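# Summary of structural features
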Amino acid sequence: MGILLKNGKLLELETGELLPREILIEGKTIQKIAEQLDTTGHEVVDLGGGVIVPGFIDMHVHLRDPGLEYKETIETGTRAAAKGGFTTVACMPNTKPILDTPELMNYIYETAEKTGYCKVVPYAAITCGGRGEELTDMQALKEAGAVGFTDDGVGVQVAGMMRTAMERAKELGLPIVIHAEDESLSGKGCMNEGEVSKRLGLPGIPGVAESVHVARDALLAELTGAHLHVCHISDASAVDAVRWAKRRGIRVTAEVTPHHLLLTDEGIDGTDANWKVNPPLRTENDRKACLEGLLDGTIDMIATDHAPHSVEEKQRAFQVAPFGFVGLETVFPLLYTELVAKSQQMTLQQLVHKMAVAPAEVFDLPGGRVAEGGVADLTVLNLEEERIIDPNDFASKGRNTPFAGWKAKGWPVLTVCEGRITHSRP
Ligand SMILES: NC(=O)N[C@@H](CC(=O)O)C(=O)O
Ligand SMILES: [Zn+2]
Ligand SMILES: [Zn+2]
């Protein structure tokens, strides 16, 4: 007996057409896609006219497990992912301890298998403890299933260390994923350096703290032949550096977050740490450059940088509260509403491409398409349903979002991961 999805419209990714299609799922596989299928012996799920797309893939998620379970666990974080339409997430190694051993890779895979609502692929740290002093055993970490290497949360400060990391990553065929931040430039900043930080009298983080690392690491990627992936790009000159590197034939890819596409530092009043994130929200010029980069192919994909913190932590003063926003449960409705429905700056198929197809291609992961014989990772969206974002509704333990109270439409109503229904809402 399989699961038969009826009364749905399949998004044709090339043309954007919505085709009336029924889908039969057996085991972990999409067995058949046709205009009409025989229901005999199958569990029928009525999609109520919803739009079927490939399950979303988020290459930048902080699951906080092990060690920081008061912020999030693999169970709550993946439940939030499933609710947001995700079937795969890549988790960041800035946990406690840092994910820098094969044993910790195993812990992630085993816990996700037991308690997870989506697939979890872990990144391993570049340096032991993320301290930037000594490289991890990258080969052993690859053998244990690392999907790439990153010290996200901090930048690798020493260029020579990054060069050696890239040489090893190149040999292993895995990407180096950078949190681009030169600490000698970012210092103790808590928001973007500019007009707004000056007005508020808060210490700033200049855009060049990001772009000098992007440019440096692009040149190191050229030297070593490694694949460089740039996390959460936020600065106009950093987007330009990626564009330049791509033109030069350097193997570089990049991601942008929903908040850097939709918000600027103008929204910060210096009292609410739910507006504090790293890299910081920047200027309208930077925001536009990120959107332009996404549309012209400079930026390959959207990633949320889901970074849950406790309510208590985010109630601290702006200068001392931790950086980070949650994002998994709101990313699609926010971007669909703001960039597709309201302003037509993107098409639905472009958005789905950036959230599912591109991450699967760039990181060579299963999924990213809805096709016969392929893995049954898919999401059904109700593009009409409008709701107000209320952090109290989140499955994540995190409530830290600057988007509370925003009205958005396009909510995921069904998520299927490897043939299993991981999220379903009437
Ligand atoms: N993005 C953030 O503001 N915070 C992240 C770290 C990171 O992604 O650099 C976190 O781990 O909380
Ligand atoms: Zn980061
Ligand atoms: Zn991050």
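Up top you'll find the structure we're talking about.
Reading the values: rules and limits
Residues numbered from 1 in each chain as written. Chains lettered and ligands numbered in written order. Predicted model: local features only at pLDDT ≥ 70, side-chain atom pairs only at ≥ 80, totals over all residues. Heavy atoms only, no water. Helix = DSSP H or I, 4+ residues; strand = E, 2+ residues; numbered from the N terminus. Buried < 20%, exposed > 50% of the residue type's maximum accessible area, 1.4 Å probe, protein only. Polar contact = N/O pair within 3.5 Å; in protein donor to acceptor, adjacent residues only side chain to side chain. Contact = heavy atoms within 4.5 Å. Donors = N, O, S within 2.8 Å, 3.2 Å for Na, K, Ca; no water. Core = buried A, V, L, I, M, F, W, Y, C linked by side-chain atoms within 4.5 Å. Salt bridge = Lys/Arg side-chain N within 4 Å of Asp/Glu carboxyl O. Axes fitted to C-alpha atoms, helices over the stretch in contact; angles between N-to-C directions. Left-handed = near helix turned anticlockwise from the far one by under 90°. Nonpolar A, V, L, I, M, F, W, Y, C, P; charged D, E, K, R; others polar. Near = heavy atom within 4 Å. Areas by Shrake-Rupley, 256 points an atom, 1.4 Å probe, with all protein chains shown as cover.

## So, the side chain of Glu210
Relative to the helices and strands, Glu210 is located in helix H7 (residues 208–224). By relative accessible area, which is 3% here, Glu210 ends up buried. Only 2.5 Å separates the side chain of Glu210 from the side chain of Ser234, close enough to count as a polar contact. With residues near it in sequence (within four places) discarded, Glu210 still touches Ala180, His232, Ile233, Ser234, Asp235, Ala238, Pro279 and Arg282.

## Describing the coordination of the zinc ion (ligand 3)
The protein atoms donating to the zinc ion (ligand 3) are His60 (NE2), His62 (NE2), Asp152 (OD) and Asp305 (OD), with metal-donor distances spanning 2.0 to 2.3 Å. In primary sequence terms, the donor set of the zinc ion (ligand 3) follows H-x1-H-x89-D-x152-D. In this structure, the zinc ion (ligand 3) is positioned 3.7 Å from the zinc ion (ligand 2), and both are ligated by Asp152. Taken together, the residues span a long stretch of sequence, with His62 in the loop between strand S6 (56–61) and helix H1 (74–83) and Asp305 in the loop between strand S14 (301–302) and helix H11 (311–314) at a distance of 243 residues. With respect to class, His62 is no different from Asp305; both count as buried.

## So, the nonpolar core
Grouped together as the largest cluster of nonpolar side chains are 95 residues, with contacts concentrated most on Phe149, Ile176 and Leu261. For this core, the element with the most residues is helix H12 (residues 331–342), which contributes seven residues. With sequence-adjacent residues up to four places away left out, Ile176 is seen in contact with Ile126, Met138, Phe149, Met162, Ala165, Met166, Ala169, His227, Leu228 and His229. Counting 17 residues, the second largest nonpolar core, distinct from the first, contains Leu5, Leu10, Leu378 and Val380.

## Thoughts on the coordination of the zinc ion (ligand 2)
At this site the zinc ion (ligand 2) is bound by Asp152 (OD), His179 (ND1) and His232 (NE2), with donor distances of 1.9 to 2.1 Å. Each donor residue of the zinc ion (ligand 2) lies on the same chain, and together they follow the pattern D-x26-H-x52-H.

## Section: the pattern of salt bridges
Counted according to the given criterion, the structure contains 21 salt bridges. A salt bridge links Glu284 to Arg287, with the shortest nitrogen-to-oxygen separation between them at 2.9 Å. Within this pair, Glu284 and its partner Arg287 are both found in helix H10 (residues 284–295), separated by three residues, close to a single helical turn. A salt bridge links Glu312 to Arg316; the nearest nitrogen and oxygen atoms lie 3.2 Å apart.

## Observations concerning the packing of H1 against helix H2 (residues 102–115)
Relative to each other, H1 and H2 sit at 65°, their axes nearing to 9 Å. Pair H1 / H2 crosses with right-handed handedness. Residues Ile74, Glu75 and Thr78 of H1 form the contact with H2, whose own contacting residues are Tyr107, Ile108, Thr111, Ala112 and Thr115. A per-class count over the contact of H1 with H2 returns four nonpolar, three polar and one charged.

## Remarks on the site of ligand 1
Near ligand 1 you find 15 residues, and of these Arg64, Asn94, His179, Asn278 and Asp305 are the closest. Asn278 places a polar main-chain atom, nitrogen or oxygen, 2.8 Å from a nitrogen atom of ligand 1. Measuring from a nitrogen atom of ligand 1, one finds a side-chain N or O atom of Asp305 at 2.7 Å. For ligand 1, whose accessible area on its own is 310 Å², the fraction buried by protein is 94%.

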